[in-house]
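# Report on the structure
Letter by letter, the chains look like this.
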Amino acid sequence: MKRLATILCSLLCGQTAAAQTCDAFAQFMSGADAPTLNGRQATCSTSKVLGEGTSTDCYWVFDYRVEEAQRSFRNMVGDLSSCTDDGVRTEAKGVNHPDSFAQVTGRIGGQEVSLSLKDKGASGQTLIFLRAARP
């Protein structure tokens, strides 16, 4: 399975996989084209955040709790961790429904990036969300 680095950006001659991964996150954070994962383009939107700035929010939909979603999320967490300024933090937030939820956040170049995995049993879907907030 291709890692996020080879999926989100085209191969750049002479760069390591880690550099390609970080370039892919940088492209996403700059508001470039919607990223792809496992050959599927994300659905994205940009919105204004309270105060100043914008947020770019993208997601991919998978069948409910399919292994591909779990594996893709784990790979993306590893990729994000290798590109952050100071590692990733696991967000321990409760949710008000029985579906599972996992989220990690980190900072790249001073910008907040979050990655989450959410199982939605009622709709039979698992979603991976990628979010970047910009000042």
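Above this note sits the structure.
Residues numbered from 1 in each chain as written. Predicted model: local features only at pLDDT ≥ 70, side-chain atom pairs only at ≥ 80, totals over all residues. Heavy atoms only, no water.

### Regarding the pairing of strand β4 (residues 54–63)
Here is the rule we go by: A pair of strands is labelled paired if DSSP reports no fewer than 2 bridges between them. Each helix is a run of H or I in the DSSP string that is no shorter than four residues. Each strand is a run of E no shorter than two, and both are numbered from the N terminus.
Pairing of strand β3 (residues 43–48) with β4 involves 6 bridges; the strand directions are antiparallel. Looking across to β4, one finds that Lys48 is bridged to Thr54. Hairpin connection between β3 and β4: a loop of 5 residues separates the two successive antiparallel strands, and Gly51 in this loop has a positive phi of roughly 90 degrees. Pairing between β4 and strand β8 (residues 125–134): 10 bridges, direction antiparallel. Bridge pairing in β8 links Asp57 to Arg131.

### Section: the pattern of salt bridges
Just so we agree on the cut-off: Salt bridges are defined by distance alone: a side-chain nitrogen of Lys or Arg within 4 Å of a carboxyl oxygen of Asp or Glu.
Taken as a whole, this structure holds 6 salt bridges when the rule is applied. Through salt bridges with shared partners, a single ionic network connects Glu67, Arg71 and Arg74.

### A closer look at the packing of aromatic side chains
As a reminder, the rule being used: Each aromatic pair joins two rings of Phe, Tyr and Trp (for Trp, the six-membered one) with centres within 6.5 Å, and gets the label stacked for planes under 30 degrees apart, edge-to-face for over 60, and tilted for any other angle. Placement of a positive charge over a ring is assigned whenever Lys NZ or Arg CZ falls within 6 Å of the ring centre and within 35 degrees of the normal to the ring plane.
Scanning the entire structure with this criterion turns up 1 aromatic pair. Between the aromatic rings of Tyr59 and Phe129, the centroid separation amounts to 5.8 Å while the plane-to-plane angle is 40 degrees, which identifies the pairing as tilted. With Tyr59 in strand β4 and Phe129 in strand β8, the pair connects residues that are 70 residues apart, well separated along the chain. A cation over a ring is seen here: Arg40 above Phe62, with NZ or CZ 4.2 Å from the ring centre.

### Regarding the state of the cysteines
In plain terms, the rule: Throughout, disulfides are identified as pairs of cysteine sulfur atoms within 2.5 Å of each other. The cut-offs for exposure are 20% and 50% of the maximum accessible area for each residue type, with area from a 1.4 Å probe on protein chains only; residues under the lower value are buried, those over the upper are exposed, and the others partly exposed.
Evaluated as defined, the whole model comprises 2 disulfides. Here Cys22 connects covalently by a disulfide to Cys83, the sulfurs 2.2 Å from one another. Measuring the twist about the S-S bond at about -100 degrees, one finds the Cys22-Cys83 disulfide to be left-handed. Separated by 61 residues along the polypeptide, Cys22 in helix α2 (residues 17–29) and Cys83 in helix α3 (residues 67–83) bring together distant segments of the chain. Assessed through its relative accessible area of 25%, Cys22 is described here as partly exposed. Bridging Cys44 to Cys58, the disulfide has an S-S length of 1.9 Å. Its torsion about the S-S bond being 110 degrees, the disulfide of Cys44 and Cys58 is classed as right-handed. With a gap of 14 residues between them, Cys44 in strand β3 and Cys58 in strand β4 connect regions that are remote in the sequence. Sequence-ordered numbering of the bonded cysteines in the protein gives a pairing of 1-4, 2-3.

What is shown is where atoms sit, not what they do.
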